[in-house]
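Coordinates in review
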Amino acid sequence: MTPNPHPTSLDAGQTAARLPYPQLVTELTRLLKDDSVRVPQRVVQALPGGGSLFVMPALDARTAITKLITLIPANAGTGLPAIQGDVVVFDVITGRRRLMLDGPTVTARRTAAVSLLAAQKLAPNTRGPMLIVGAGVQGLAHLEAFAEGLGVRDFRITSRSHASAQTLAQHAQALGLNARVVPDADVALADCPLAAICTPAGGVVLSALPRDDGFICAVGAFTPTMVELSAALCQYVAAQGEVVVDTADAVHEAGDLLQAGLDVARFATLGNVIRQDMKKPAGPVLFKSCGWAGWDLAAARAALA
């Protein structure tokens, strides 16, 4: 029997191979201009022990997806992944399941691709060095995405786990990049026009004010009680530069901005930036990403292409 060259269920490696960052960014841009896209509100169900179950549907004129994943922050350091689950992809006309993608891989790569797209459109200075705060899955994805998509060659890495930071720096060096571990994110930010904050958002990890040409993407906090950035930092960028959110859902999800007392509804979304072809703003930029099933739909479209 001839093996199926297009397996329905893809493992982590096969999923990653279907989602190269340039193609992801292209599909994200197309999705933000597609009027057929519909994204119902996601369901986040608390689990015993502090975890969460996410049910995230989305569809367009041809494709429907549901991402079903668990997020278990307590798995950090245990050898078990914090995110587990799948993205199931359907044809909207026939109802046929076309693909099942590895959920953690989709989550990591589409989140980093969204940050990359925001940086391409908004960052005043894309040369680097780039500061990565948090050396887990998202830290790795952002390092690879910005190296591939913006040509960043120089990275500073910090994490609550020095061993994890060192492992990520060694990975970067194996890719031919310059990378070193730094002890203090606030000190390092002065030398880094680019920064990605990729932590579990259990507390403030960055308080220093960004450079005038600074771009910060913060991806960890997705509830009102979660936070990575100090209130003063968020307030400073809102006053002196530009805050952009991934979607309008940030109004009730962006913990960093909400805890800073900011009116999140007044900030442009990434969709506004793309559809209106907004010019790069003057001054520092903070891009706050909370997550959205539309990003998973874009990943599914890229994987099907």
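Attention here is on the structure that accompanies the text. (Residues numbered from 1 in each chain as written. Predicted model: local features only at pLDDT ≥ 70, side-chain atom pairs only at ≥ 80, totals over all residues. Heavy atoms only, no water.)

Observations concerning the sheet that holds strand β1 (residues 43-46)
As summarised here, the arrangement of the 5 strands in space is β1-β2-β3-β4-β5, forming an open sheet in which the pairing is antiparallel. Of all strands in the sheet, those with a lone pairing partner are β1 and β5 (97-102), marking the two edges. Taking the axes of each pair of neighbouring strands and ignoring which way they run, one obtains an average angle of 10° across the sheet. Note: β1 against strand β2 (residues 52-59), 4 bridges, orientation antiparallel. Across the sheet, Gln-45 pairs through a bridge with Leu-53, a residue of β2. The strands that helix α3 (residues 103-122) touches are β2, β3 (63-71), β4 (83-91) and β5; relative to β4, the one it contacts most, it runs at about 90°. (Pairing = 2+ DSSP bridges. Helix = DSSP H or I, 4+ residues; strand = E, 2+ residues; numbered from the N terminus. Axes fitted to C-alpha atoms, helices over the stretch in contact; angles between N-to-C directions. Contact = heavy atoms within 4.5 Å.)

Some thoughts on the packing of α3 against helix α10 (residues 293-304)
With their axes 9 Å apart at the nearest point, α3 and α10 run at an angle of 105° to one another. As far as their axial angle goes, α10 and α3 are roughly perpendicular. Only Trp-295, Asp-296 and Ala-299 of α10 make contact with α3, whose side of the interface consists of Val-106, Arg-110 and Val-114. The residue inventory of the contact of α3 with α10, partitioned by class, reads 4 nonpolar, no polar and 2 charged. (Parallel < 35°, antiparallel > 145°, perpendicular 65-115°, else oblique. Nonpolar A, V, L, I, M, F, W, Y, C, P; charged D, E, K, R; others polar.)

Comments concerning the environment of Gly-49
Position of Gly-49 among the secondary structure elements: in the loop between β1 and β2. By relative accessible area, Gly-49 is classed as exposed at 80%. Put simply, Gly-49 and Ala-74 are 25 residues apart on the chain and 8.2 Å apart in space, counted from C-alpha to C-alpha. (Buried < 20%, exposed > 50% of the residue type's maximum accessible area, 1.4 Å probe, protein only.)

Section: unusual backbone geometry
Cis geometry marks the peptide bond from Gly-128 to Pro-129, where omega comes out at 5°. Within the secondary structure, Pro-129 sits in the loop between α3 and β6 (130-133). Even without a glycine there, the phi angle at Ala-201 is positive, about 60°. For Ala-201, the position within the fold is in the loop between β9 (194-197) and β10 (202-206). Looking at Ala-201, the relative accessible area reads 5%, which means it is buried.

Looking at helix α7 (residues 231-240)
Here α7 has its buried residues at Leu-233, Cys-234, Val-237 and Ala-238. Along the axis of α7, the buried residues cluster in a sector spanning 130°; they form a single face. On the buried face of α7, the contacting elements are β10, β11 (215-218), β12 (227-229), β13 (242-245), α8 (255-259) and β15 (285-288). (Arc of directions from axis to C-beta.)

Here's the deal with the packing of aromatic side chains
The full count for this structure, using the stated rule, is 2 aromatic pairs. Relative to Phe-222, the ring of Phe-54 lies with its centre 5.5 Å away and its plane at 65°, an arrangement referred to as edge-to-face. Separated by 168 residues along the polypeptide, Phe-54 in strand β2 and Phe-222 in the loop between β11 and β12 bring together distant segments of the chain. There is no split in this pair, since Phe-54 and Phe-222 are both buried. Pairing Trp-292 with Trp-295 gives two aromatic rings, centres 4.8 Å apart and planes at 75°, and the pair type is edge-to-face. Here Trp-292 and Trp-295 have matching classes, each one buried. The positively charged end of Arg-109 is found above the aromatic ring belonging to Tyr-21, 4.2 Å away from the centroid. (Phe/Tyr/Trp six-rings, centres within 6.5 Å; stacked < 30°, edge-to-face > 60°. Lys NZ or Arg CZ within 6 Å of the ring centre and 35° of its normal.)

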